[in-house]
Amino acid sequence: MDVETRFSLIKRNTMEIVTEDELRKALEEGRKLRGYLGFEPSGISHIGWLIWMYKFKDLVDANVEMILFAATWHAWINDKLGGNMELIRAAAKHVARVLEAIGVNMSMVKVVYAEELVERVEYWEKVIRIAKHASLSRVKRALTIMGRKASEGELDFSKLIYPLMQVADIFQMDLDIALGGMDQRKAHMLARDVAEKLGYKKPIAIHTPLLPSLKGFTRMDTQMDIDDALSEVKMSKSKPEEAIFLIDDDNAIVKKIRGAYCPPREVETNPVMAIAKHIIFAQGKKRFVIERKPEHGGDIEVYSYDELENLYRNGSIHPLDLKNAVANELIKIIKPIRNLLQNEKDLWLDLEVISHSVTR
Ligand SMILES: Nc1ncnc2c1ncn2[C@@H]1O[C@H](COP(=O)(O)OP(=O)(O)OP(=O)(O)O)[C@@H](O)[C@H]1O
Ligand SMILES: N[C@@H](Cc1ccc(O)cc1)C(=O)O
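It should be emphasised that the depicted structure is a prediction, and the values quoted were computed from it without experimental measurement.

**A few points about the overall build of the protein chain**
Item 1. A count of helical and extended segments in the protein chain gives 16 helices and eight strands.
Item 2. For 360 residues, the compact-globule formula gives about 21 Å, and the C-alpha radius of gyration of the protein chain, at 21 Å, lands near that figure.
Item 3. For the protein chain, the proportion of its 360 residues judged to be buried stands at 55%.
Item 4. Put simply, 74% of the contacts in the protein chain that link residues at least 6 apart link residues at least 24 apart.
Item 5. When the accessible surface of the protein chain is totalled, it reaches about 16100 Å², and 51% of it is carbon and sulfur.

Okay, here's the thing in C-alpha cells:
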C-alpha cells in the first residue's frame, strides 16, 4: 500500500487528525508506526464504539502497529462497575473479541492492561513530570475525557490524577498515534503540549465522531460548552434505553430504532441518520435498500451516504422507512458479533453479570 492509500484509509470517517501533515510525514519516513486506543472496561460495547473500532481496523490495515489498551485502573478511579476490579477486568475481555468479529487481524494487535504500566516506577515518574507542566484548571477542564464535568474533580482527588495518567500512558507506550473519539481531545492536546518540554514523542491525534444517543438532541443543547454538550448527548452505556448494545437481539434493535428520535428532513440532530453515516457507510460505498410498498413509491436503493442524505433532506424518504432500513442493516452488522460472543459460554455469562452492574 502506498503512502497516499494508507493516508486516505486512516483519514476516512475521522473528525480531525492533529496534524495531517505530521501523519503524512510519518508515513513517508517509512518507519513502523505505533498507535493505540484506550477504553474503560466498564460495561458492554455499544454501537457508538463501532466507530473507533472501524478506525482501529483501518489503522491495522494501513500497517500501523496497534495496541488495544484496557484502562482498568482508570475505570476504577472513575467509579465504573461499582469499583469492582474483578468485574472491570472481566469487562475488558469481550472488546478484543468484538474487534475480531468485525474483521480486525488480531494477530497484529497487542492487548495491554493498565496493570502492566502502573507496576513500573518510571510510569509514576512520568505522571509527576506531566503534572509539573499542567495547571490545575487545565487538568479540571480535561475531566470531560472521563465523562465528567470540571466541577466533579472535587468528588475525590484520584479523579484529578486520571488525565495525567492518560497522558503518561501515551508516553509510557512510546506511541506515534493516539486514537479516540472527539471527547478524548483534551488528553491528546495536553500530551502534545507537554511532549516537547519533556522530551517525549509528540503523538499524532486521530479523533472519530461521537454517535448521539437515540434520544438525539435539540439545537438548544449546543449552546453549552462544546465538550460538555458532546458528552451529554453521546450514546452511552450508562443510558441503556438510549443505546444499542452489541449483544442486543434483533427484536431489541428494531424496537430501539423504532423509538429513536428521527425528525423528517432533518439530518444534523438525527441519530438514525448518524448511524447510517458513521456505522453503515463507515467502510465506504455499499448497497443500502429502503424497502417500501409499491403504493408508497416502491423500494429505493442508494450506494453512498451522500445519496441517502440528499433524499432524506428533500423529503423523499419517510422517517419510518428510514428506521426500518437502518434497523435491517444494523441487524446484519450486530448478529455476527453477538453470535461470536454468545458462543463463548463463560464470556457470555460474564457479560450478563456486567450488564446488570453498570454504575455510570
Ligand atoms: N457515543 C459514542 N460514539 C462514538 N465513540 C464513543 C461514544 N462513546 C464513547 N466513545 C469512544 O469510545 C472510546 C472508549 O470510551 P470509554 O471507555 O470512556 O467509553 P465511555 O465514554 O465511558 O462510554 P460510555 O459513555 O458508553 O460509558 C473513547 O475513544 C470514546 O471517545
Ligand atoms: N478516557 C478514556 C479511556 C482511556 C483511559 C486511558 C487511556 O490511556 C486512554 C483512554 C475514555 O473514557 O474513553
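And the narrative resumes.
**A short note on the site of ligand 1**
Item 1. E40, D183, L211, K234 and K237 are the nearest of the 20 residues found near ligand 1.
Item 2. Within the backbone of L211, one N or O atom sits 2.8 Å away from a nitrogen atom of ligand 1.
Item 3. Its free accessible area being 580 Å², ligand 1 has 95% of it covered by the protein chains.
Item 4. Residue assignment for the shell around ligand 1 shows that the elements contributing at least two residues are β2 (34–39), α3 (47–61) and β5 (177–181).
Item 5. Counted by class, the shell around ligand 1 contains eight nonpolar, seven polar and five charged residues.
Item 6. Two domains each put at least three residues into the shell around ligand 1: domain 1 (3–208) and domain 2 (219–355).

**A closer look at the UniProt feature "binding site: ATP" (unreviewed entry) in the protein chain**
Item 1. Mapped onto this numbering, the UniProt entry gives "binding site: ATP" (unreviewed entry) at K237.
Item 2. In this fold, K237 is placed in the loop between α11 (226–233) and α12 (250–258).
Item 3. Engagement of the side chain of K237 in a polar contact is seen with the side chain of S42, the distance being 2.8 Å.

**Things to note about the pairing of strand β3 (residues 65–70)**
Item 1. Within β3, five of the six residues are buried, which leaves the element mostly enclosed by the surrounding structure.
Item 2. In the sheet, β2 pairs with β3 via six bridges, with the strands oriented parallel. For G38, the partnering residue across the bridge sits in β3 and is F69.
Item 3. Following the chain from β2 across α3 to the adjacent parallel β3, one finds a crossover that is right-handed.
Item 4. Pairing of β3 with strand β4 (residues 110–113), which is carried by four bridges, proceeds in the parallel orientation.

**So, unusual backbone geometry**
Item 1. Across the junction of V18 and T19, the peptide omega takes the value -5°, indicating a cis bond.
Item 2. Relative to the elements of secondary structure, T19 occurs in the loop between β1 (16–18) and α2 (20–29).
Item 3. For N13, which is not glycine, the phi dihedral falls at a positive 55°.
Item 4. Tracing the backbone through its elements, the reader meets N13 in the loop between α1 (3–11) and β1.
Item 5. For D174, which is not glycine, the phi dihedral falls at a positive 55°.
Item 6. With respect to the element layout, D174 can be found in the loop between α9 (158–172) and β5.

**Remarks on the environment of A26**
Item 1. Along the chain, A26 turns up in helix α2.
Item 2. Under the relative-accessibility criterion, A26 is labelled buried at 6%.
Item 3. A C-alpha to C-alpha distance of 39 Å links A26 and N339, two positions 313 residues apart in sequence.
Item 4. Other than its neighbours up to four places away in sequence, A26 contacts R31, L33 and I204.

**Overview of the pattern of salt bridges**
Item 1. Taken as a whole and judged by the stated rule, the model has 34 salt bridges.
Item 2. Note that E16 and R185 form a salt bridge whose closest N and O atoms lie 2.5 Å from each other. Highlighted residues: E16 in strand β1 and R185 in helix α10 (residues 185–198), separated in sequence by 169 residues.
Item 3. On the accessibility criterion, R185 (29% relative accessible area) is partly exposed.

**Thoughts on the side chain of K323**
Item 1. When you line up the elements, K323 lands in helix α15 (residues 319–342).
Item 2. Buried charged residue K323 carries no salt bridge. Nearest counter-charge: D321, at 11 Å.
Item 3. Separated by 2.7 Å, the side chain of K323 and the backbone oxygen of R258 make a polar contact.
Item 4. Apart from residues no more than four positions distant in its own chain, K323 is found in contact with I257, R258, G259, A260, C262 and V272.

**Quick look at the site of ligand 2**
Item 1. Close contacts around ligand 2 come from Y36, G38, E40, F69, A71, H74, I145, Y162, Q166, D169 and Q184, and that covers them all.
Item 2. A distance of 2.7 Å separates an oxygen atom of ligand 2 from a polar atom in the side chain of Y36.
Item 3. Contacts to ligand 2 include D169, whose side-chain N or O atom sits 2.5 Å from an oxygen atom.
Item 4. Contact with the protein chains removes 89% of the 340 Å² of surface that ligand 2 exposes when unbound.
Item 5. Among the elements of the structure, β2 and α9 are those that each provide at least two residues to the shell around ligand 2.
Item 6. By residue number, the principal contributor to the shell around ligand 2 is α9, which donates three residues.
Item 7. Its residues assigned to classes, the shell around ligand 2 comprises five nonpolar, four polar and two charged.

What counts and how
Residues numbered from 1 in each chain as written. Chains lettered and ligands numbered in written order. Predicted model: local features only at pLDDT ≥ 70, side-chain atom pairs only at ≥ 80, totals over all residues. Heavy atoms only, no water. Helix = DSSP H or I, 4+ residues; strand = E, 2+ residues; numbered from the N terminus. Rg over C-alpha atoms; globule rule 2.2 N^0.38 Å. Buried < 20%, exposed > 50% of the residue type's maximum accessible area, 1.4 Å probe, protein only. Contact = heavy atoms within 4.5 Å. Areas by Shrake-Rupley, 256 points an atom, 1.4 Å probe, with all protein chains shown as cover. Near = heavy atom within 4 Å. Polar contact = N/O pair within 3.5 Å; in protein donor to acceptor, adjacent residues only side chain to side chain. Nonpolar A, V, L, I, M, F, W, Y, C, P; charged D, E, K, R; others polar. Domains from an automatic or database assignment. UniProt positions renumbered as here; feature names shortened; annotations may be inferred. Pairing = 2+ DSSP bridges. Right-handed = clockwise from strand over helix to strand, strands pointing away. Salt bridge = Lys/Arg side-chain N within 4 Å of Asp/Glu carboxyl O. Lys, Arg positive; Asp, Glu negative; His and termini not counted.

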